[in-house]
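Summary of the model geometry
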Amino acid sequence: MPQTSVSAPRPPDPGHRPLPSDHRSLAPDLARGVMLLVIALAHTHLFTVLLGGADPTPSVLDRVATAGTVVFVDFRGYPLFAALFGYGIAQIHRRRTEQGREWRWTRKLLRRRALWFLLIGALHGLLLFPGDILAVYGVVALLFVGVLRLRDRALAVIALVWLPMAAVAHALISAGEAMTGQALPPLPDGFLSELVFRLTLYPALVVVMVLSTVVPFLLGVLAARHRVLEQPREHLRLLRTAASIGVPLSVLGALPLALAKAGMWSATPLDHLFIAPLHQVTGYAGGLGYAALIALASVRLDRDRGRVTDALAALGQRSMTFYLAQSVAWAVLFSSYTLGLPMTSPAVGVGVAVTVWATTVLLADLMRRRGRRGPAEALLRRLTYGPVR
């Protein structure tokens, strides 16, 4: 037998106190809570398009808000959310396997959960907000549940093969927008008209978003296998590398599209064939970089939690509930049959997004202090596992 060397045990870190065995990992919850702000910023910016487009003579603040949204929000927060979804799926698989469940039983459980995601997301997309992500997650989980049994190298290969398809799709969409001068049709007036609008737009958005979700989903599954977010202290070098490379790469890759969207560069449709996929692909790096930054922050925050940290983690634990709650807020604020607020200023949209998100943070923290779970999470668990016995 070949001899193996055994390294001496690492001396204990005097500043490190072991966590209890039932301690809930902070990083995934903190990431979900923070990323709900990014989702809110993306959605309010979208409403400047759906409600008739931005002001033809935007202010300096509007230009800054548009460029900042492209650089730090669009296709940056969403990959992290998709990776967290894959991370959660892999966690369920690992826990059920550790409990002695067979693959067939676990696969059936995950497919049932995915079908409920699909149904809830479809209702959300058709009745409230056409840019729904829950149904997209359901579709991806149904199609790719089998990857949970593949090796790490196979996951990486599938992600690399899928990446060009997502990039080409976004290149064609962006070039088409540049040629027509319009990204999305304006939101019509009236309840029935808006319903028909969502029925028309929603299927196409689902297809595009599924293409964009597969790569971060697979990376999330890969990260969960190594418990990167659950044990960030054991992966500090990886996290620092991901943050130091992913975030700058994401910013640089977004700058050309940001200049075009902010009206500081007259990009041609041919230009968009290159800058759109560059923006989208580097967004994956940005999402992973955000995750790494949050995981690194959680190493410090987990030892000395403050009220803000607890509130953000509470929001992350109820992310599905407050993701849906954001859509209720958009329907109340922007629909023609409710308040019907005009949204022609991206800068105002930033203020609205921050206000709605901050309100959800306060509500989530109130639920935490009262010991109440998110109703959407409780419903999904009951539908997936059945009544608590």
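Above this text is the structure in question.
Once a new chain begins, its residue numbering starts again from 1 and follows that chain's sequence as written. With the structure being a predicted model, the display of local features is reserved for residues of pLDDT at least 70 and the display and counting of side-chain atom pairs for 80 or more, all residues being used for whole-chain, interface and lining totals. Hydrogens and waters are ignored; side-chain quantities use all the structure's heavy atoms.

1. Details of helix α1 (residues 26–50)
Which entries qualify depends on this criterion: Secondary structure elements follow DSSP: runs of H or I of four or more residues count as helices, runs of E of two or more count as strands, with numbering from the N terminus. By this rule, a helix spans an expected 1.5 Å times one less than how many residues it contains. Summary of the burial criterion: residues with accessible area below 20% of their type's maximum are buried, those above 50% are exposed, and those between are partly exposed, where the area comes from a 1.4 Å probe applied to protein chains only.
In this model, α1 (25 residues) spans 36 Å end to end at C-alpha, consistent with the 36 Å of a helix rising 1.5 Å per residue. In terms of residue burial, α1 counts as a mostly covered element, since 20 of its 25 residues are buried.

2. Quick look at the packing of aromatic side chains
Rule in force here: Any pair of Phe, Tyr and Trp rings, taking the six-membered ring for Trp, is counted once the centres come within 6.5 Å. Such a pair is stacked with planes under 30 degrees apart, edge-to-face with planes over 60 apart, and tilted for the rest. Two limits define a charge over a ring: the Lys NZ or Arg CZ must be within 6 Å of the ring centre, and within 35 degrees of the ring normal.
Considering all chains together, one arrives at nine aromatic pairs under this definition. Relative to Tyr137, the ring of Phe85 has its centre 4.5 Å away and its plane inclined at 15°; by these criteria the two rings are stacked. With a gap of 52 residues between them, Phe85 in helix α3 (residues 77–98) and Tyr137 in helix α5 (residues 134–144) connect regions that are remote in the sequence. Of the two residues, Phe85 and Tyr137, neither departs from the other in class, the shared state being buried. Taken together through their ring pairs, the aromatic side chains of Tyr78, Phe85, Phe117, Tyr137 and Phe217 make up a single cluster. The ring of Trp105 carries Arg101 above its face, with NZ or CZ at 4.0 Å from the centroid. The lysine or arginine in question, Arg381, covers the ring of Tyr385, its NZ or CZ lying 4.7 Å from the ring centre.

3. Some thoughts on the side chain of Thr360
Rule in force here: Any two residues having at least one pair of non-hydrogen atoms within 4.5 Å are treated as being in contact.
Its place among the elements puts Thr360 in helix α12 (residues 346–369). Once you skip the residues sitting within four places of it in the chain, Thr360 turns out to touch Leu315 and Phe322.

4. Points about the packing of α1 against α12
Condition: In this analysis an axis means a line fitted to C-alpha atoms, helices contributing only their contacting stretch, and an angle means the value between N-to-C directions, from 0 to 180 degrees. Crossing handedness follows the turn of the near helix against the far one: under a right angle anticlockwise gives a left-handed crossing, and clockwise gives a right-handed one. Under the scheme applied here, ten amino acids are nonpolar (Ala, Val, Leu, Ile, Met, Phe, Trp, Tyr, Cys and Pro), four are charged (Asp, Glu, Lys and Arg), and all others, including Gly, are polar.
Where α1 meets α12, the closest approach of the two axes is 8 Å, and the angle between their N-to-C directions is 145°. Seen along the crossing, α1 lies across α12 with a hand that is right-handed. Facing Gly33, Leu36, Leu37, Ala40, Leu41, Thr44, His45 and Thr48 of α1, the residues of α12 in contact are Pro346, Gly349, Val350, Val352, Ala353, Val354 and Trp357. Class assignment of the residues belonging to the contact of α1 with α12 gives a composition of ten nonpolar, five polar and no charged.

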